[in-house]
Amino acid sequence: MRIALVGCGFVADYYKKTMSLHPELELVGVMDRNPERSANFSAYHSIPAYQSLEELLEDKKVETVINLTNPSSHYEVSKAALEAGKHVYSEKPLAMEFSQAKDLVSLAESKNLHLSTAPCSLLNETAQTLWKALREEVVGQVRLVYGEMDDGLVHRFAYKKWLSESGIPWPYQDEFEVGCTIEHAGYILTWLAAFFGPAETVTAFSSCLIPDKETDVPLDNNAPDFSVACIKYQSGVVARLTCSIVAPHDHAIKIFGDDGVLYTKECWKDRSPVYIRKRFTIRRKTLLSPIPKTYPLVGKNNPHIKSKGGQQLNFCRGIADLAEAIAQNRSPRLSAQYCLHICELVLAIHNALEAGSAYKLSTTFDPIEPMDYAR
Ligand SMILES: NC(=O)c1ccc[n+]([C@@H]2O[C@H](COP(=O)([O-])OP(=O)(O)OC[C@H]3O[C@@H](n4cnc5c(N)ncnc54)[C@H](O)[C@@H]3O)[C@@H](O)[C@H]2O)c1
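Before going into details, it helps to say that this report is about the structure given with it.

1. Quick notes on the nonpolar core
Counting residues in each nonpolar core, the largest one holds 118 residues, and the members touching the most others are Tyr15, Leu122, Leu189, Phe195, Phe196, Ile255 and Leu262. Take this core: its biggest share by element is 11 residues, from helix α11 (residues 336-350). Two domains share this core, each providing at least three of its residues, namely domain 1 (2-117) and domain 2 (125-307 + 335-374).

2. Section: the pairing of strand β9 (residues 238-244)
Most of β9 sits inside the fold, with 6 of its 7 residues counted as buried. Sheet topology places strand β6 (residues 142-150) next to β9; 7 bridges connect them, and they run parallel. What sits directly across from Tyr146, in β9, is Arg240. Bridge count for strand β8 (residues 226-233) against β9 is 7 bridges, and the pairing is antiparallel.

3. Side note on unusual backbone geometry
Note the cis peptide between Lys92 and Pro93, where omega equals -5°. Along the chain, Pro93 falls in the loop between β4 (87-90) and α5 (98-110). For the bond running from Ala118 to Pro119, omega is -5°, close enough to zero to count as cis. Here Pro119 is to be found in the loop between β5 (115-117) and α6 (125-135). The backbone phi angle of Glu137 is positive, close to 55°, even though this residue is not glycine. Positionally, Glu137 belongs in the loop between α6 and β6. With a relative accessible area of 57%, Glu137 lands in the exposed category. Phi at Asn329 is positive, roughly 55°, even though this residue is not glycine. Among the secondary structure elements, Asn329 is positioned in the loop between α10 (317-328) and α11.

4. A look at the packing of aromatic side chains
Counted by the stated rule, this structure contains 19 aromatic pairs. Ring centres of Tyr146 and Phe256 lie 5.1 Å apart, and the angle between their planes is 80°; on these two criteria the pair is classed as edge-to-face. Of this pair, Tyr146 sits in strand β6 while Phe256 is found in strand β10 (residues 253-257), placing the two residues 110 residues apart along the sequence. Among the residues examined, Tyr146 registers a relative accessible area of 30% and is labelled partly exposed. Overall, the relative accessible area of 21% leaves Phe256 in the partly exposed class. Each member of the aromatic cluster is reached from another via a ring pair, and the members are Phe157, Tyr159, Trp162, Trp170, Tyr172 and Phe176. Sitting above the plane of the Trp131 ring, Arg135 keeps its charged end 5.5 Å from the centroid. Of note, Arg240 hangs over the ring of Tyr146, and the distance from its end group to the ring centre comes to 4.3 Å.

5. Some details on the sheet that holds strand β1 (residues 2-6)
Pairing is parallel across the open sheet formed by 5 strands, whose spatial order is β2-β1-β3-β4-β5. Each end of this open sheet is capped by a strand with a single partner; those strands are β2 (26-31) and β5. Sheet twist, expressed as the average angle between the axes of neighbouring strands with direction ignored, equals 20°. Bridging between β4 and β5 involves 3 bridges; their strand directions are parallel. If you follow Tyr89 over to β5, its bridge partner there is Ser116.

About the thresholds
- Residues numbered from 1 in each chain as written.
- Predicted model: local features only at pLDDT ≥ 70, side-chain atom pairs only at ≥ 80, totals over all residues.
- Heavy atoms only, no water.
- Core = buried A, V, L, I, M, F, W, Y, C linked by side-chain atoms within 4.5 Å.
- Buried < 20%, exposed > 50% of the residue type's maximum accessible area, 1.4 Å probe, protein only.
- Helix = DSSP H or I, 4+ residues; strand = E, 2+ residues; numbered from the N terminus.
- Domains from an automatic or database assignment.
- Pairing = 2+ DSSP bridges.
- Phe/Tyr/Trp six-rings, centres within 6.5 Å; stacked < 30°, edge-to-face > 60°.
- Lys NZ or Arg CZ within 6 Å of the ring centre and 35° of its normal.
- Axes fitted to C-alpha atoms, helices over the stretch in contact; angles between N-to-C directions.

Right, dumping it as structure tokens:
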């Protein structure tokens, strides 16, 4: 599949790095509204740069546009690409407003085009392993899930030293203004939706605990830097998700069933180990096994890049699945309806603020197939 990137910022290098794992993806060109950014990416990676979005969209070679712009530009760029007849894979969120996200999905459907969004970590080894263990009912009937997306006091980190491979600084102003729920909740919610089906309701609380973030630029909103949500899935499972850039790093998912706990300590790595602690009874006491058992990771032989740095995820799996879906005339695993459902859920949590009333989800999606390597 011939693809073009729009947005040559911090994350674009992450995509370029893992593209080599998917030889079926051919990057034909890049574009950024900041010409210095596209020139930098083009020179560093030896990829042609388009001078404008119009030029990129007029190029018949381009089948799919990869939208790596800032969240506030997602809607306009994805819309233009769909109107030009291109499939779209966008970074999250689908759009900053739910009405815009619905608009994009209707547009894609009316034109018979695919529309998918990041994160694609559901397709990785850890998520597929957890899912396989759940299908095998290794911890019995699941009742409750705790998901943590805490990243520490990011505004006190040395983030000005964070540079991408081609030298682009981490966009702290945008990250703080968009907020950690929109940026990160999807990493857990995409997994839970695949495992437990569509959500029915969400009751959330979100708040901005540190409005100024001590930055050298004034932040122009008070995006929540903390949120907590209780989600009831149609299947009956309940999940509690916490996101913050205040509490210390914790990216664990714990799935509680009648017979034990299934968990991973890090859902931001493609190959994070999966463990089970079984429940057992000795005499009058019921306990959880003190020694966790490792559940074998599926897809151990999948190609992967070795990285000790920030990049522990293959950002191109979702695009590769989209390419395969087109070739096989099927829907991508990260279908437009599924991505819309995740977007609705994430925005409901982010926008809950301190009023905290229950929100009834209006979207749903068809069940998703596990990856072939995990069947
Ligand atoms: N920073 C991270 O670590 C990270 C990780 C995963 C995902 N993401 C996601 O990736 C996306 C991009 O993040 P980033 O960190 O690369 O941001 P960034 O600010 O470094 O880069 C975004 C680029 O998009 C360009 N852009 C914005 N609007 C545009 C438009 N209308 N047309 C063309 N170019 C446009 C900007 O000029 C900029 O160069 C966001 O959705 C973010 O949530 C970021």
